[in-house]
Structures are given as structure tokens and as C-alpha cells.
Amino acid sequence: MRLPADSSRTDLSRRAFLKRSAMVAGGGLVVGFFVPPGLRRLVFAQESPAAAPAMPPANAFLRIGSDESVTILLAHSEMGQGVWTTLPMLVNEELDADWSRFRVEHAPAAGAYGHTFFKIQMTGGSTTTSSELDRYRQVGAVARSLLLAAAGARWGVAPDGCRTENGFVVCGARRASYGSLAEAAAKLPLPASVSLKRPEDWKVIGKPTRRLDMPEKITGRAQFGIDVRLPGLLTAVVARPPTFGGKVRRFDAAAAKAVPGVRAVFEIPSGVAVAGEHFWAAKRGRDALEVEWEPGPHPDTDSGQLRESYREQAQTAGAEAKSAGDVARALVAPDATPLTSQSTRPPLPPLTPLLPLIAEYAVPYLAHAPMEPLNCTVRRTAQGCEVWTGTQFQTVDQHRVAEVFGLETAQVVLHTTFLGGGFGRRANIASDFVVEAAHVAKGVDRPVKLIWTREDDIRGGYYRPMAVHRLEAVLDGQGGPLGWRQRIVTQSILAGSPFATFIQNGIDPTAVEGAADSPYVAAFPHHRVELHAVDPGVPVLWWRSVGHSHTAFAVESFVDELAHAAGRDPLEFRRVLLARAPRVRAVLELAAGKAGWGSPPPKGRARGLAVHESFGSIVAQVAEVAVDPERRIRVHRVVCAIDCGICVNPLGVRAQMESGIAFGLTAALYGELTLREGRVVESNFHDYRILRLPEMPQVEVHIVESREKPGGAGEPGTPPIAPAVANAVFALTGERLRELPLRFADS
Amino acid sequence: MRLLVNGQKHDVAVPGDMPLLWVLRDVLGLTGTKYGCGMAQCGACTVLVDGSPVRSCVRRAATVAGRAVTTIEGLSPRGDHPVQRAWTELDVVQCGYCQSGQIMAAVALLEAKPKPSDADIDAALAGNICRCGTYQRIRGAVHRAAELMEGA
């Protein structure tokens, strides 16, 4: 969506409720700001909003101190994606303050900091920039307007005759710093409206800007949840059932209690908690604990058998997610010859009309494995309780903690720390690790920090769901698109969650995103995307790029297979399919051009490409791949192009592309969780491999100049890399690898 | 036992099997050194002992008594060690959780090899996982730190 030509005028009386007060210690200006529900319409249209709810006093987004400090409160969580820098940039685009004075804090959990689309306070879906582009700019514009008015009043001139310059209001030869004006500005009436700059006048948005959280993160000062220290703090670990949904039958605490430093051993709903003076005591106590478990409802789960059952289901029709034309008729052909997983070079000869191609793709369960293991600290107070944790789901967690203690939500004060990675794991639909910490806190009379060990994390569930895709397609006599049928078998992430209302007609949109809305699929006049939602009882969750993490692999691999089967160049074949998706095609062409598509790759290497749209951004990647003598896939170079619309911080977008590629490569080359007899086999980084530095390819990122509505950057870099690598492996070896992680049959 | 951490002496009474990591974090309050795996697989807990990189999650504190332990907090008083300056220049960090370990491993490498090759960097930092994937900038920043140290 384009920004309206005149998006610059913001009528505050109609469009938002706003509040400021001189409440900061030492005096200063506080700008609180609340954009009411329905912001998506508000930002890009001119409709009047519903009445804004009252704003709690804590709802400040910006504080300007008499000491010249400029403090930005983040409604979203910093988990590596860079919002600690981009949201202050948005404020300063309008505020024009001295960047070196900026300080950043996570906002407390409160409804007023709700996501402008999703209402709850959360970070996810690669939506922070699109959620906040207007809100944080408006905060800056209101503050600047008040500072100009304060200067005008002081000097007896019209504010219109003053201008701002890097933290000063200037009028002729007179200058006043923002800090010196803050207290006076805080006493002024609010402006009836503020003007936002036109995009062509932007000076901050689009400027490569280094991270504001760098100093604390290179000195060890940054406070992650696991670093919280409080007087009298205990540390707890929990013994959990080895099968999902299992329960404690009985336990013997004697040996655990005998471990020096252990203070309490007790049952909680999720297992047996061991609390001690420090982590080592708690961990040793848990090692000594004897627990007899009641198995969960699925004690025989075997991921290999599960995958085969998914393959069987994929033979039958599922619920319709998207359909056009008559795919059943289009796919009927006399000489149906399925592609097999042993398909080898040379490619099939050019198609005879109506030869359907059939292929199945499979992806395993995956753990998020953020570097900071899950943790949460809880302190009970006279007023209620305090919680410290790195979370992507503040108000959901706050509400659930209140439920555990029987408190009002407002009695739970939740402090967001830095997140040592999130990737979706810290946006838990059941607030699993936070609720567990609350239960632990109920069992002790001191503040307590719950820490999950790495083993707890890898085996603790809430995985990227396993998925099988069965694809069938037929091309017309000229190699053009005719029929496409895709059947997806996977678990629903939303079923049983507070977001279950998003499931419509049996379709969980997170299971089919990237397929049902694929421009490739739409190019086939007869197409149908179907879903079988299965429930094997394994807890699943959004994992960086969610459904796109498997749909892109299936769709882009299959398009590549079709290109080769038709005897077409993979780039040319895609260009034809993307004729009606010019923005997608342009990104693909940019990446292909920069990668030297069509020129010979370095000796021993081949290139593969993929393009995929997710979270409002389009990313294309060309992977340059070799296979070493031990038959290991080595990715040497990735050329990445992204169209994310308005790009607030190019440095941040580049970093997110590198990051998404590294994350996706881990899944493409190594990632796999195995379940046997209901238990997770893998446990730590020795058997759940993560991409390491020597395996990181050289990544080049190209950002499309755009004034389109901003899309995301945190997730869209992940989906294309697995198919780009698989397609390169085919180009190099003639072997089509249809399962992740990518492995040769003979290695 | 008596530990020498960042130039300061600490007398601590802890279980004999307690890893250095947890003494640093839970007893001395030096939380810059991180727990990631507990089995020397990820490098988040890397500190220097007499200048050499050590995975503190598996090293019993008792074995380093009296030896010079350096953690991220003790690397430089103002956060301006050449490695830290290079990290800032190249905007290396993302979530930041692994970076203490990455930086300590890089410092140890540069002490041993002032002009490391890419292969040297691969070998020295292969044990430090970054889930955010900052590897490309880490590589660049190690080279940059080598330049800064040469010019110092």
C-alpha cells in the first residue's frame, strides 16, 4: 500500500488520545501517546476512530529530561532484531534531538503499549516497524511542537518563526536546548494537530544507523533475564516428564534435599521444582531427584512413523485453503509418471502436454534454541508480584501470572529484559516458562529465578511443526502453467490457543501461508491448496517465519523441478510464472543479476535460486553451493535481495538478512528433532547442530529502494534459503533432495 | 578457595565440583559471562585463564584458584579494547547473548596470532555459536581489531 500523498497531517483530537505531564524527577517533558484500536485503517485512511480508552499514567513513550537526556520507551522487545535502534530513529525523524543523548528502555507491561494491530503487547510477525511507523513518529512530532511553543513563549515570538536543530530550538541568533525547554513545554496545552514530514524530507529514516545497544552488549553489562539478581534470590530448575503431557506419579526428594545449597523440593503442575542458593545447587539437586512419571497421552510417538502417516494422509483430499478452476480435470493425464526421490540427471525431456509431475517434501520438528535458555524471575510483594523476563508476549504473560496468584492483572508488574534471542519461542501461547516460574514462586518464600537448562529447552516442546507437502502439477504444451495441487499435512499452531478464532473453515492460516497466497500458485489457472490438520500431541509454536519455513521450501523446490522438467532455465521459468507479480519478479531479477546468474559459477559450484514473500516483504536469494568429498553440502555465497518497502535502517535490514540466512541454513543443513517412544532424542548442541562460523557463507544484501508500506525484516530472510540451496544442489549433482535437513541418500 | 578475577582477589566457599561459570555468575555477580549449554558446545561462557580461552561451564572453579581469570567485565575499563571498538565499528551484535564469549575468544586469538587468516578465525571461533548469525560481521571485526591493535 502506498502512503497517501498527504499523509503528513495528524489531527490529534480526532485520531489519538494524547497526554503529557511534568512528572519526571528533576523536571522534564513526558509524552504519552495512545493510538486507539483500528490503527491499520487510521494510518492509511482518514476514518475516525472509536473513542480511545483511558491511558494509564505509565504510558509514556518519550521523556526529555532537563539534563538533555532523551529516553524512548519501547512497546516492543529487543531480541536482536534492532528495534532498540529503529523505534528511536522513528521518534527522531520528527523530534530532531541530539542522537548521542538517546537512551532506551523497555516499557512496562500495560495495555497502553499494545501492538497497534494485535492489541496485546507483543513482538512478533516481523511487524514492529509497520506497527510503529506512525505512532513513534507522532510522538516525536508532538514533543517537537511543544518544545517550539515553549521557546516561542520564552522569546515572545511565534513558534512558526522558530526551527529545530539537533536538540536545540533556534530563532535568529537565539538558541535553547531541548532540556532547558522541557519543563516549560510540559506545562503547555497540547497541539490540536501535528504535521509529519513528507517522505522526501526524511533525514533519519533510510540512513544506515549503528545499534544503540552496542555499549552494554560488548561489555557484559546488558541485562538479560538470566542476569537478574535480587536480594535473597533463589535459583530453581524443574524436572519435567519425559513424554509430553506426562505427570508426576511419585517422587522422593530426600537425595535432592541432601545436596548442599538446595532449599526446597516440591511438586508443581509441570513437574518437580528444585530451588537452591544458586543454579549449581538446584541443578545438582535435580540430578539427585528420583521421580516416577505417569506417561503422557502419546507415549509411543515416533517422528519417522508420524512422517509416513502424514504422507498417507497427503494422498487424500484435505480442507480447501485456496482454489480456482478445475484442478482435478487439469491433472488427469494418461501417462502419469511420478518424479521419484532418486530422480537423476539428465532432466526429464521437455514435457508432452498434460504430463503431471508429483513430488513430496517433508520437514521435521525444530526447536528454536535461542542462545539464552528460557528463564523467568518472580518476586512476590505486598502489592502483588514482580516478574522479570525476556518475553515477546508481555500482556499475555502478565495476565497468566495474575491467574496463577489470583491477582488482578495490574498487580503484576512485568519488567522486560533484553532477550537472548526469541525466534518465536518467547511468544508462548501458554506462557509456559513464565507460568511455571509463578508456580515455583508459590512454593518458596523468597524471590526465585527459574532457569531451563539447554536440555530442558531442546526437549521442552513448542516446536516448529513437522510437515509433509504433496505437490502435483501439469504444464501446458508450451511449458506454461496449467494445474497445481498442493496438499499440506501438519499441525495447527493456533488450535487450542487464544488465537484459535483465526482458524476459518478448518484452515489455520499459519499452516498454508506462503502456499495459498503464492504468486506461483496463482499463475496456474487451475489450482487447489489443501490442508490436513493433524494433532499428534506434540506442542508446537511459531518458529521464525512460521508456515513460510516449510511452504517456501516445498513451493520453490517444486517450481524448480517444473522448470527443469520443462527444460527451461530456472530464472526464465519463474519470470514467466511471475508475470502478474512484478514486484516479486523484480526482486528475483535483482538477486539473479547481482549473483551473475547465467555466467559460469566458480569451478565445482552451482547456483540455485528462490524468491518468497512473507510478512510484507519479498526476499530472493541465490545460493552458490559445492559438495565436498565427504558429500557434505557447503554453501559458499548467498546473494540476497529484499524489497521491504520503506527501509528504516538499512544496517538493520542487512543484519536481519544475514541472520535469517544463518537461521534458515541451520534448518536446511542440520536441524532435526527426532521423537522415539514419545521422547525427544536430541538434547543439546552436540546432537542438535547449529550453523557455526566456518560454515557461514559470504552474504551480499541488496535492498530495493521503495516508498511502499514497510514490511518485516526479522523473518522474511529465512524462508528462501533452504530451497535456494536444494535447487543449487540439484543443479550441481542432479539429485533432488526433498526433505530437510538436506541429506544425500548415500551419506 | 581464592580466585583472582579481573585483578581482584575473592575468597569463596563453594562446592568442589562447582563450575567457574556459576561461581562467576551466582557468587561473584559477574553476569557478563553466559550460560548456553553447560557442556562446552557453544562458547557463551568463554573466559580467559592466564590469557587462554576456557569454557567456564565445564571448568571446575577449584582448578583455576590463584590463576588470572579475565571475564568480559575485566577486558577494558571503558569498553574500548580494540576488539570492542572493532565490534562497534562493524555493528556486530544482535541479541548480544553470545557476544561476551565471542569477544573473549577473539581476544585470545589475537593475542596468539596478531594477524589471523580466515582459517585462523574459523579455527578459533568455531566453538562459539551465534544463533542470530552475526558470523560474517564477527569475521570482519576480528580482522579490523587486528588492524587497530597493530596501529596501537
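The rules behind each value
- Residues numbered from 1 in each chain as written.
- Chains lettered and ligands numbered in written order.
- Predicted model: local features only at pLDDT ≥ 70, side-chain atom pairs only at ≥ 80, totals over all residues.
- Helix = DSSP H or I, 4+ residues; strand = E, 2+ residues; numbered from the N terminus.
- Rg over C-alpha atoms; globule rule 2.2 N^0.38 Å.
- Buried ≥ 20, exposed ≤ 12 C-beta atoms within 10 Å, placed from the backbone.
- Contact = placed C-beta atoms within 7 Å.
- Pairing = 2+ DSSP bridges.
- Axes fitted to C-alpha atoms, helices over the stretch in contact; angles between N-to-C directions.
- pLDDT = per-residue confidence, 0-100.
- Expected span 1.5 Å × (residues − 1).
- Parallel < 35°, antiparallel > 145°, perpendicular 65-115°, else oblique.
- Left-handed = near helix turned anticlockwise from the far one by under 90°.
- Nonpolar A, V, L, I, M, F, W, Y, C, P; charged D, E, K, R; others polar.
- Core = buried A, V, L, I, M, F, W, Y, C linked by C-beta atoms within 7 Å.
- Right-handed = clockwise from strand over helix to strand, strands pointing away.

1. Concerning the overall build of chain B
And then number 1: Secondary structure assignment for chain B yields five helices and five strands.
And then number 2: Mapped from its N terminus to its C terminus, chain B presents α and β elements in the order β-β-α-β-β-β-α-α-α-α.
And then number 3: Its C-alpha atoms give chain B a radius of gyration of 15 Å, near enough to 15 Å, the size a compact globule of 152 residues would have.
And then number 4: By its C-alpha atoms, chain B is 40 × 30 × 25 Å across when sized along the principal axes.
And then number 5: Across the 152 residues that make up chain B, the buried fraction comes to 59%.

2. What to know about the overall build of chain A
And then number 1: What chain A contains, in helices and strands, is 20 helices and 30 strands.
And then number 2: Put simply, 77% of the contacts in chain A that link residues at least 6 apart link residues at least 24 apart.

3. Focus: the sheet that holds strand E23 (residues 481–491) of chain A
Residues and elements named next belong to chain A.
And then number 1: Pairing within the open sheet is mixed, and its five strands lie in the order E16-E24-E23-E22-E17. Each edge of the sheet is formed by a strand with only one pairing partner; in this case those strands are strand E16 (319–324) and strand E17 (356–363). Averaged over all pairs of adjacent strands, the angle between strand axes in this sheet comes to 10°, irrespective of strand direction.
And then number 2: Sheet analysis places E16 next to strand E24 (residues 526–534), joined by five bridges and oriented antiparallel. Opposite Glu 320, over in E24, you have Glu 530 as the bridge partner.

4. A look at the environment of Ala 13 of chain B
And then number 1: Among the structural elements, Ala 13 of chain B can be located in the loop between strand E2 (8–11) and helix H1 (20–27).
And then number 2: As for Ala 13 of chain B and Cys 95 of chain B, which are separated by 82 residues in sequence, their C-alpha atoms are 34 Å apart.

5. Considerations on the confidence of the model for chain A
Keep in mind that low pLDDT regions are not for reading the predicted coordinates in detail.
All names here are of chain A.
And then number 1: Per-residue confidence for chain A gives a mean pLDDT of 90; residues scoring 70 or more make up 89%.
And then number 2: Below pLDDT 50 for its whole length, residues 1–26 participates in 65 contacts with residues either more than four positions away or in separate chains.
And then number 3: Below pLDDT 50 for its whole length, residues 334–354 participates in 28 contacts with residues either more than four positions away or in separate chains.

6. Points about the interface of chain B and chain A
Note on interface size: it is often stated as the accessible area lost on association of the parts.
And then number 1: Taken together, the contacts link 45 residues of chain B with 49 residues of chain A.
And then number 2: Looking at which element gives the most residues to the side of chain B that touches chain A, the answer is helix H5 (residues 135–151) of chain B, with four residues.

7. Notes on helix H3 (residues 99–112) of chain B
And then number 1: Over its 14 residues, H3 of chain B runs 20 Å from end to end, which matches the ideal 20 Å to within 8%, given 1.5 Å per residue.
And then number 2: For H3 of chain B, the buried fraction is high: 12 of the 14 residues fall into the buried class.
And then number 3: Those residues of H3 of chain B that are buried lie in contact with helix H6 (214–217) of chain A together with strand E3 (46–49), strand E4 (52–55), helix H2 (82–89), helix H4 (118–125) and H5 of chain B.

8. Describing the packing of helix H16 (residues 548–565) of chain A against helix H17 (residues 570–577) of chain A
All names here are of chain A.
And then number 1: Following both chains from N to C, one finds H16 and H17 inclined at 110°, their axes separated by 9 Å at the closest point. One way to sum up the angle between H16 and H17 is to call them roughly perpendicular. Here the hand of the crossing between H16 and H17 comes out right-handed. Contact residues: H16 offers Val 559, Asp 560, Leu 562 and Ala 563, while H17 offers Pro 570, Phe 573, Arg 574 and Leu 577.
And then number 2: Looking at the contact of H16 with H17 residue by residue, the classes come out as six nonpolar, no polar and two charged.

9. Describing the nonpolar core
The tendency in soluble globular proteins is for nonpolar side chains to be buried side by side.
Residue and element names in this part refer to chain A.
And then number 1: The biggest cluster of nonpolar side chains holds 276 residues, and the ones touching the most others in it are Ala 236, Val 274, Ala 591, Cys 640 and Val 725.
And then number 2: Residue contributions to this core peak at 12 residues, all from helix H4 (residues 128–155).
And then number 3: Aside from chain neighbours lying at most four places away, what touches Cys 640 is Ala 591, Val 619, Gln 621, Met 657, Ile 661, Val 699, Glu 700, Val 701, His 702 and Gly 717.

10. Quick word on the pairing of strand E21 (residues 448–451) of chain A
Moving residue by residue along a regular strand, the side chains alternate between the two faces of the sheet.
All names here are of chain A.
And then number 1: Side chains of E21 alternate between two faces, with Val 448 and Leu 450 and Lys 449 and Ile 451 buried alike.
And then number 2: Across three bridges, the pairing between strand E11 (residues 234–239) and E21 is parallel. Each residue of the ladder has a partner; that of Ala 236, found in E21, is Leu 450.
And then number 3: Summarising the sheet, strand E18 (residues 375–380) and E21 pair through four bridges and their orientation is antiparallel. Along E21, the bridge assignment pairs Asn 375 with Ile 451.

11. Focus: the pairing of strand E5 (residues 70–74) of chain A
Residues and elements named next belong to chain A.
And then number 1: Along E5, four of the five residues are buried, which leaves the element largely enclosed by surrounding structure.
And then number 2: Two elements, strand E4 (residues 62–65) and E5, share three bridges in a ladder whose sense is antiparallel. Along E5, the bridge assignment pairs Leu 62 with Ile 72.
And then number 3: The loop that links E4 with its antiparallel partner E5 comprises four residues; one of these, Glu 68, has a positive phi angle of about 75°.
And then number 4: Inspection of the sheet shows E5 paired to strand E6 (residues 102–106) by five bridges, in the parallel sense. Bridging across to E6, Leu 74 finds its partner in His 106.
And then number 5: Tracing the backbone out of E5, into helix H3 (residues 83–95) and back to the parallel element E6 gives a crossover that is right-handed.

12. Brief notes about the confidence of the model for chain B
And then number 1: Per-residue confidence for chain B averages 97 on the pLDDT scale, and 99% of its residues sit at or above 70.
And then number 2: Reported confidences for the modelled complex are a pTM of 0.93 and an ipTM of 0.98.

13. Concerning helix H8 (residues 279–288) of chain A
And then number 1: Counting buried positions along H8 of chain A gives eight out of 10 residues, so the element sits mostly inside the fold.
And then number 2: Among the residues of H8 of chain A, Phe 279, Trp 280, Ala 281, Ala 282, Lys 283, Arg 284, Gly 285 and Arg 286 of chain A are the ones counted as buried.
And then number 3: Close packing links the buried residues of H8 of chain A with E11, helix H7 (254–257), strand E13 (262–268), strand E14 (271–276) and E21 of chain A together with H1 of chain B.

14. Overview of the sheet that holds strand E26 (residues 617–627) of chain A
Residue and element names in this part refer to chain A.
And then number 1: Spatially, E25-E26-E27-E30 is the arrangement adopted by the four strands of the open sheet, whose pairing is mixed. Pairing within the sheet leaves two strands with one partner each, and these edge strands are strand E25 (606–614) and strand E30 (698–703). Averaged over all pairs of adjacent strands, the angle between strand axes in this sheet comes to 15°, irrespective of strand direction.
And then number 2: The pairing of E25 with E26 spans nine bridges and is antiparallel. Within E26, the position partnered with Val 611 by the bridge is Ala 620.
And then number 3: Running over the sheet, helix H20 (residues 721–733) touches E25, E26 and strand E27 (633–643) and is turned about 155° from E25.

15. A word on the packing of H2 of chain B against H3 of chain B
Residues and elements named next belong to chain B.
And then number 1: For the pair H2 and H3, the least separation of the axes is 10 Å and the interaxial angle reads 125°. In this view, H2 runs oblique relative to H3, as classed from their interaxial angle. H3 is crossed by H2, and the crossing has right-handed handedness. On H3, the residues touching Val 83, Gln 84 and Trp 87 of H2 are Ile 103, Ala 106, Val 107 and Leu 110.
And then number 2: Residues of the contact of H2 with H3, tallied by class, amount to six nonpolar, one polar and no charged.

16. Re unusual backbone geometry
Among all residues save glycine, negative phi is the norm, and among peptide bonds the norm is trans.
All names here are of chain A.
And then number 1: The residue after Leu 740, namely Pro 741, is reached through a cis peptide bond having omega -5°.
And then number 2: For Pro 741, the position within the fold is in the segment after H20.
And then number 3: Here Tyr 462, not a glycine, exhibits a phi torsion of approximately 60°, which is positive.
And then number 4: Inspection of the secondary structure puts Tyr 462 in the loop between helix H13 (454–459) and strand E22 (467–475).
And then number 5: Exposure remark for Tyr 462: the 23 C-beta atoms within 10 Å place this residue in the buried category.
And then number 6: Residue Val 546 is not a glycine yet carries a positive backbone phi of 55°.

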